[in-house]
Amino acid sequence: MIWTDQRLRAVPALTALLAGLMLMPGAAIARPPLSASDWLSGSIKQPDNISAWRPGDARPPEAKSRKKDIAKSGAVEPVGVTRLGEGNADGKGSVSARTAGLPNDLWGAGDGESIARLVRSTDARLPALRRLQRRILAAQLDPPATQPGGEGELFLARVDKLLDMGATGAAKELIRAAGPADPERFRRMFDIALLSGDEAQACEIMDRTPGVAPSFPARIFCLALGGDWAAAALVFHGADTSGLIDQRMAALLAQYLDDGYSDKADLLTPPDVVTPLDLRLHEAVGQPLPSASLPLAFSLADLDENGGWKARLDAAERLARAGAIPASQLRAIYLEQRPAASGGVWDRADAIQRLDAVLTSRDVVGVQEILPKAFDRMVAAGLGTALADMAGARAASLPLTGRAGQIGLWLAIEAGQWQVVQPPPEDATAFDLWLLDFASGLADARPPVGTGSDRAERLLAGFSATPIPPAAAQLIAEKRQGEAMLLAITDTDAGLDGDLTRATQGLRVLRELGQGEIARQAAIELILAPVIGSLPGALATNP
């Protein structure tokens, strides 16, 4: 792992080779991100910037002159054909439109550039809307009628949005559906593998993907990971001497490659924008970067067992809070071992362990006592919805009464598991019984007076036969249903900020577009938001 004198004596020759093959006047070394996820690493470069040759190949390609009729680099020139099985990536998806519950022509007459912008700007916080958004992003739909930004722009926007949502698995499956051969798709696949803790797979992708040339830091990382430390050192010194690696990354790679740095006390300067490659390199040199302030997808790197249970708990809670992992995964991490301390996440782990034990044994007395305590702790941490998915159905199937019975009813309805409430608690309020009927689709009438009835009455207008808003009606008339649906998601989600009028309009449009079940569940989540803890700021107060 430490560079030897023999390896270093080979550096000048390689430096000259790199300079001749890779350093071209006017060529940009760094490539600015093309998507909303600007943390994606520069894991690839344009083929006219970096040679496709790497140490270990039989021989490097011959140096090329820069005449117009001669190739500009040693990389394989793009060929003007389409590979069998590929085509326009905007029409690719990991699930069929039918499975996603969407029409094939959802994008219709819209233009890809405008839809891509809308995809990137649409944020959903309500669980029902997040599920709909993920279905839209993953679905195999007909490409938009016009694509002024070129084919594939909408596809990359969909992948980037999934990454921003922390849904790296869904993003990976979407890229697989289109194939990783395109450089921009490869860049995302490489980073997803890094975030998933599968560096070996990331490097395998790099090796077997034709038509893409890796950046120097990515190539050096992969050479060393594969055990070829000599080649990694040679490429590093050649690229560093030629000025092809920025100073901060050069210092990081030097420490990664040389064991001698491990004895030094100097701490590396963290980058202003952390990339997945930065994250893995800092971890490898023993100076890991905290992920709490990084984009959501970075927390997935903390779910492995390298960082300890506390790091896993913190990451799992952050991801579950945003709906990036299923509540069952958070529950499994809570149950891994006994809490080592008290307060914060330790108290929540203890509460879930105790609650899980009494729910598993169907100990009604135990659930009556423990459920309210677990509920209060989880709601205070913004994890009420996760608790609903973890425990709602099991709690509501027990004959609970009092506050525990009411909490069990709320959690089951919040989780969309109203079917298990048979019968409802004998002391349930009139409004809670109405809410149960509303969830089952039996009650659209005015709710009885009670906690949450004002919110429910206002939202109920979205389930009437009133005309949809003019702007949405125009989009639908122009066969741009997908844009109308994304805007309706944003409008409905605004109910969490107190704008119930806008939320009502969004619910009405969702129903018009055939998403009645999603609209009903979103309305329930808005009604229960004050008690489940979903509302931000001053609105998040229990009645």
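Below or above, wherever it landed, is the structure these notes cover.

Side note on helix α20 (residues 430–439)
- Where burial is concerned, most of α20 is hidden: seven out of the 10 residues are buried.
- Within α20, burial applies to Phe431, Asp432, Trp434, Leu435, Leu436, Phe438 and Ala439.
- Against α19 (402–414), α21 (453–460) and α25 (516–532) lie the buried residues of α20.
- Count one or two residues on from α20 and you reach Gly441, which has phi positive near 85°.

As for the packing of α19 against α25
- At a minimum axis separation of 9 Å, α19 and α25 run at an interaxial angle of 145°. The handedness of the crossing between α19 and α25 is left-handed. Mapping the contact onto sequence places Trp410, Leu411, Ile413 and Glu414 in α19 and Gln521, Ile524, Glu525, Leu528, Val531 and Ile532 in α25.
- When the residues that make up the contact of α19 with α25 are grouped by side-chain class, the tally is seven nonpolar, one polar and two charged.

Considerations on the environment of Asp376
- With respect to the helices and strands, Asp376 occurs in helix α17 (residues 364–380).
- Note: C-alpha distance between Asp376 and Val531 (155 residues apart in sequence) is 9.8 Å.

What to know about the packing of helix α24 (residues 500–512) against α25
- The N-to-C vectors of α24 and α25 enclose an angle of 160°; their axes lie 7 Å apart at closest approach. Looking at the two axes, α24 sits roughly antiparallel to α25. Read as a crossing pair, α24 and α25 show a hand that is left-handed. Residues Ala503, Leu507, Leu510 and Arg511 of α24 form the contact with α25, whose participating residues are Gly516, Ala519, Ala522, Ala523 and Leu526.
- Class assignment for the residues of the contact of α24 with α25 results in seven nonpolar, one polar and one charged.

Description of the packing of aromatic side chains
- A complete count under the given rule lists nine aromatic pairs for this structure.
- Ring centres of Phe431 and Trp434 lie 5.7 Å apart, and the angle between their planes is 20°; this geometry places the pair in the stacked category. In this pair, Phe431 and Trp434 both sit in helix α20, three residues apart, roughly one turn of the helix.
- Relative accessible area serves as the criterion here: at 4%, Phe431 is assigned to the buried category.
- Trp434 sits in the buried class, given a relative accessible area of 7%.
- Both rings, one in Phe438 and one in Phe463, keep their centres 5.4 Å apart while their planes meet at 85°; by these two values the pair is edge-to-face. Here the residue Phe438 occupies a position in helix α20, and Phe463 occupies one in the loop between α21 and α22 (470–477), the gap between them amounting to 25 residues. Here the two residues Phe438 and Phe463 agree in accessibility, since each one is buried.

Calculation rules
Residues numbered from 1 in each chain as written. Predicted model: local features only at pLDDT ≥ 70, side-chain atom pairs only at ≥ 80, totals over all residues. Heavy atoms only, no water. Buried < 20%, exposed > 50% of the residue type's maximum accessible area, 1.4 Å probe, protein only. Helix = DSSP H or I, 4+ residues; strand = E, 2+ residues; numbered from the N terminus. Contact = heavy atoms within 4.5 Å. Axes fitted to C-alpha atoms, helices over the stretch in contact; angles between N-to-C directions. Left-handed = near helix turned anticlockwise from the far one by under 90°. Nonpolar A, V, L, I, M, F, W, Y, C, P; charged D, E, K, R; others polar. Parallel < 35°, antiparallel > 145°, perpendicular 65-115°, else oblique. Phe/Tyr/Trp six-rings, centres within 6.5 Å; stacked < 30°, edge-to-face > 60°.

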